[in-house]
Amino acid sequence: MSLNENLYLSLVNPAQTVSSEQVFLNSPGRTPLLYSQLEHLTGKIHSRLLALGVSPGDRVVVQIQKSNEAVLLYLACLRAGAIYIPLNTAYTPNEVKYFLQDAAPKLFVCEPASYLELGSLATDLQVPFTKSLGDSGQGNLLKGIELLPDNPDVAHRSNDDLASILYTSGTTGRSKGAMLSHGNLRSNAQTLHDYWQWQDGTDVLLHALPIFHVHGLFVALHCAMFGRSTVNFIQKFSVDSLIQHLPHSTVMMGVPTFYTRLLDNLSFNAQLCKNMRLFIAGSAPLLAETHDQFVARTGHKILERYGMTECGMITSNPYDGKRIAGSVGFALPGVSARVADSEGNILADNETGVLEVKGPNVFSGYWKMPEKSAEEFTDDGYFITGDLSTMDSTGRITIVGRSKDLIISGGFNIYPKEIETEIDQIEGVKESAVIGVPHADFGEAVLAVVVAEANCELSGDVILESLQGRLAKFKQPKSIVFIDELPRNVMGKVQKAQLRANHQ
Ligand code: MCA
Ligand code: AMP
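The shown structure was predicted, so the numbers you read here are calculated from the model rather than taken from an experiment.

Asker: Could you clarify how one ought to interpret the overall build of the protein in this entry?
Answerer: A count of helices and strands for the protein gives 14 helices and 24 strands. For 504 residues, the compact-globule estimate of 2.2 N^0.38 gives 23 Å, and the C-alpha radius of gyration of the protein, at 23 Å, lies within 12% of that figure. In terms of overall dimensions, the protein has a C-alpha envelope of 70 × 55 × 50 Å along the principal axes. Out of the 504 residues in the protein, the part that is buried amounts to 57%. In the protein, of all internal contacts separated by at least 6 residues, the share reaching a separation of at least 24 is 67%. With an accessible surface of roughly 20900 Å², the protein has 51% of that area assigned to carbon and sulfur atoms. Averaging the locations of the 41 positively and 53 negatively charged side chains of the protein gives two centres separated by 4 Å.

Asker: Even after reading the chapter, I still don't get the site of ligand 1, so can you show me in this structure?
Answerer: Neighbouring residues of ligand 1: 25 residues in total, closest Lys 236, Arg 261, Ser 283, Arg 305 and Ser 409. At 3.4 Å from an oxygen atom of ligand 1 is found a main-chain nitrogen or oxygen belonging to Val 214. Contact distances for ligand 1 include 3.5 Å between an oxygen atom and a backbone N or O atom of Gly 307. For ligand 1, whose accessible area on its own is 1000 Å², the fraction buried by protein is 75%.

Asker: How should I be thinking about the pairing of strand β6 (residues 129–132) in this particular structure?
Answerer: Here is the key point about a regular strand: its side chains alternate between the two faces of the sheet. Residues Thr 130 and Ser 132 of β6 are buried on one face, while the alternating residues Phe 129 and Lys 131, pointing to the opposite face, are not. The pairing of strand β5 (residues 107–110) with β6 spans 4 bridges and is parallel. Looking at β6, one finds that Phe 108 is bridged to Thr 130. The handedness of the β5 to β6 crossover, carried by helix α5 (residues 115–124), is right-handed.

Asker: Whenever I open this one, the packing of helix α6 (residues 182–195) against helix α7 (residues 214–226) confuses me. Can you help?
Answerer: When two helices pack together, their arrangement is given by the angle between their axes and by how far apart the axes lie. Here α6 crosses α7 at 70 degrees, and the two axes come no closer than 9 Å. One element, α6, and the other, α7, form an angle in the roughly perpendicular class. Crossing geometry of α6 relative to α7 is assigned as right-handed. Residues Leu 185, Arg 186, Ala 189, Gln 190, Leu 192 and His 193 of α6 form the contact with α7, whose own contacting residues are Phe 218, Val 219, His 222, Cys 223 and Phe 226. Of the residues belonging to the contact of α6 with α7, the class tally is 7 nonpolar, 3 polar and 1 charged.

Asker: Whenever I open this one, the sheet that holds strand β9 (residues 204–207) confuses me. Can you help?
Answerer: Pairing between the strands of a sheet is mediated by backbone hydrogen bonds and can be parallel or antiparallel. As summarised here, the arrangement of the 9 strands in space is β2-β1-β10-β9-β11-β12-β13-β14-β15, forming an open sheet in which the pairing is mixed. What marks the edges here is a single partner per strand, and that holds for β2 (33–34) and β15 (330–331). Examined bridge by bridge, β9 and strand β11 (residues 251–254) share 2 bridges and lie parallel to one another. When the bridges of β11 are listed, Leu 206 appears paired with Met 252.

Asker: Even after reading the chapter, I still don't get the sheet that holds strand β19 (residues 397–402), so can you show me in this structure?
Answerer: Spatially, 4 strands are ordered β16-β17-β18-β19 in an open sheet, and the strand pairing comes out antiparallel. Since the sheet does not close on itself, it has two edges, and those belong to β16 (336–340) and β19, each with one partner. Neighbour to neighbour, the strand axes of the sheet diverge by 50 degrees on average, direction disregarded. Bridge count for strand β18 (residues 383–391) against β19 is 5 bridges, and the pairing is antiparallel. What sits directly across from Thr 390, in β19, is Thr 398.

Asker: Would you mind going over the side chain of Glu 420 with me for this structure?
Answerer: Mapped onto the fold, Glu 420 is located in helix α12 (residues 416–424). According to the relative accessible area criterion, Glu 420 is buried, its value standing at 11%. There is a polar contact of 2.5 Å between the side chain of Glu 420 and the side chain of Lys 496. When residues no more than four places from it in sequence are discounted, the contact partners of Glu 420 are Ser 432, Ala 433, Val 434 and Lys 496.

Asker: Honestly, α5 in this entry has me stumped. Any pointers?
Answerer: All of the buried residues along α5 are Tyr 115, Leu 118, Gly 119, Leu 121 and Ala 122. Down the axis of α5, the buried side of the element spans an arc of 160 degrees, and every buried residue falls inside it. Across α5 from its buried face, at more than 90 degrees, point the exposed residues Leu 116, Glu 117, Thr 123 and Asp 124. Looking one or two places after α5, you find Gln 126, whose phi comes out positive at around 65 degrees.

Asker: Just to check I follow, could you spell out the site of ligand 2 for this structure?
Answerer: Residues in close proximity to ligand 2 total 16 residues, the closest being Arg 305, Thr 309, Asp 387, Lys 404 and Asn 413. One of the backbone N or O atoms of Arg 305 is found 2.7 Å from a nitrogen atom in ligand 2. Here an oxygen atom of ligand 2 sits 2.6 Å away from a polar atom, N or O, in the side chain of Asp 387. Sorting elements by how many residues they give to the shell around ligand 2 places strand β13 (residues 303–308) first, with 5 residues.

Asker: Looking at this structure, how should I read the packing of aromatic side chains?
Answerer: When we look at a pair of aromatic rings, we describe it by the centre distance and by the angle of the planes. Evaluated as defined, the whole model comprises 18 aromatic pairs. When the ring of Phe 412 is compared with that of Phe 474, the centres are 4.6 Å apart and the planes differ by 40 degrees; the resulting orientation is tilted. Within this pair, whereas Phe 412 is found in strand β21 (residues 412–414), its partner Phe 474 is found in the loop between α13 (460–467) and β24 (479–482), the two being separated by 62 residues in sequence. Members of the aromatic cluster, joined through ring pairs, are Tyr 91, Tyr 98, Phe 99 and Tyr 167. In this structure, Arg 323 is placed above the aromatic ring of Tyr 319, and the distance from its NZ or CZ to the ring centre is 5.3 Å. Here the basic side chain of Arg 338 rests over the ring of Tyr 382, its NZ or CZ set 3.6 Å away from the ring centre.

Asker: Where do I start with the nonpolar core in this structure?
Answerer: Burial of nonpolar side chains together is a common tendency in soluble globular proteins. Formed by 108 residues in total, the largest nonpolar core has its most connected members in Phe 24, Leu 73, Tyr 74, Trp 196, Met 252 and Met 253. Look past the residues within four positions of Leu 73 in its chain and what remains in contact with it is Ile 45, Leu 49, Val 62, Ile 64, Tyr 84, Val 109 and Leu 141. Grouped together as the second largest cluster of nonpolar side chains are 38 residues, Val 96, Ala 122, Val 434 and Ala 448 included.

Here is what the cut-offs are and how they apply
Residues numbered from 1 in each chain as written. Chains lettered and ligands numbered in written order. Predicted model: local features only at pLDDT ≥ 70, side-chain atom pairs only at ≥ 80, totals over all residues. Heavy atoms only, no water. Helix = DSSP H or I, 4+ residues; strand = E, 2+ residues; numbered from the N terminus. Rg over C-alpha atoms; globule rule 2.2 N^0.38 Å. Buried < 20%, exposed > 50% of the residue type's maximum accessible area, 1.4 Å probe, protein only. Contact = heavy atoms within 4.5 Å. Areas by Shrake-Rupley, 256 points an atom, 1.4 Å probe, with all protein chains shown as cover. Lys, Arg positive; Asp, Glu negative; His and termini not counted. Charge placed at Lys NZ, Arg CZ, Asp CG, Glu CD. Near = heavy atom within 4 Å. Polar contact = N/O pair within 3.5 Å; in protein donor to acceptor, adjacent residues only side chain to side chain. Pairing = 2+ DSSP bridges. Right-handed = clockwise from strand over helix to strand, strands pointing away. Axes fitted to C-alpha atoms, helices over the stretch in contact; angles between N-to-C directions. Parallel < 35°, antiparallel > 145°, perpendicular 65-115°, else oblique. Left-handed = near helix turned anticlockwise from the far one by under 90°. Nonpolar A, V, L, I, M, F, W, Y, C, P; charged D, E, K, R; others polar. Arc of directions from axis to C-beta. Phe/Tyr/Trp six-rings, centres within 6.5 Å; stacked < 30°, edge-to-face > 60°. Lys NZ or Arg CZ within 6 Å of the ring centre and 35° of its normal. Core = buried A, V, L, I, M, F, W, Y, C linked by side-chain atoms within 4.5 Å.

What follows is the structure, given as structure tokens:
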């Protein structure tokens, strides 16, 4: 029978018993954080959250660097029954403002360095409390925490109660908050732990991903916690840090850029991977060329899986069976997947259409957007992913494209509409179209195609300058081209396929 309880309990007290000295987070330069300390430390943060009036169902928005404390805060929010909402650390105050308005949190936690600016922004937006997370920063959430009692309670939460909201940009340019429940996150973690044959108590996870997305926060950390694994917890990705920690790890999860950068480094070799059991890739397509080069260099076949913020992980190549380059494998146990055309007709084997999915991992809808949520589900409850795919007679799925206007750069999703809206506001711009073009490092890169007003002298530098502070750096165009007119079809719709063909 499946559990129906607070996810915190599954993460902190899983079925496996391991030594009380088992290390959870092994962060370079820090004293290791032990599994046995979690109950006590999250109990203290829980007390602080209660003192700030954070109740079950309240939102806690955070924009904080990756750290042991950030993980403890996440666990304490689960424990308190609060809804945890992590934001990309690259977002500008202008972007953060939207999320604070939309989520209306009880508490906002930011970095000490941005405490004054963001604290005043949050106060203007009627956020009751802003705190910082850092050693001695102003408004430190953890100040004097050691003096607080450990609150032994764990808020009662059922499978349908929300654990987290993760914002994912929308094709209309407005970010949508995907509502993920305790049940969604637990079912996905349990499935992945089993499917990838996690070695309880002995696997060591190399973790260099950010912890404000599904990949780094849920897939990686939840698998590790379900398996009582030690996590080599790298604050900021670098090839050198991977090379240093690979010999002491058994599992790594990464976006394709991690793998291409490793392969670009001549000192990366099979010897460094001698203790590795499993390399997993996802968040963006892994090129067959990268897969093959990795096998040649290390003897390891990267296991590619596919997922979405709204669903967690959906498919995976098998652990024991064939890991095929270019395919994302099979629907995970408990997940039902099918391919449909734009009218919703289910397609035959090997035909290309949009992938639709249903299962305990699938979110319940977008925060405060009931109509938008309804549009993304079929009448029989399948979520329409917007990913173009094929499924063969054995159920093997290949992602062949996207029906949504989306760029994935280094594993970060970038919605062209959001960038076009900002560029179109710049003086002298008549209109713009943003597309993704192939990029050796990031997979895809943002290219802005701009049409200037008649008699207006505009340069790429002027446009980039105007975008500073308005859009996070990773969303800003890597290149800008000017043309006289955007290609349009008879309906007046910009022909992005033609632009992509012209500007590869
Ligand atoms: C950094 N920059 C980028 C990106 N990252 N530009 C475009 N795309 C990017 N992904 C820019 C910075 O703004 C900066 O610009 C310059 O590149 C160097 O920044 P730095 O921070 O040093 O970059 P980096 O450390 O080299 O970062 C590359 C990275 C990072 C490690 C690949 O982007 C990353 O961690 N990506 C993983 C994202 C992820 O976890 N995605 C999962 C979400 P300038 O030089 O101009 O200042 S998807 C998900 O969760 C779903 C469910 C799934 O399936 O997994
Ligand atoms: P996000 O909204 O950040 O959760 O990104 C989800 C999107 O990433 C999916 O809808 C896919 O378009 C893409 N994606 C994730 N994993 C893969 C993969 N292995 N291959 C191709 N695309 C992927």
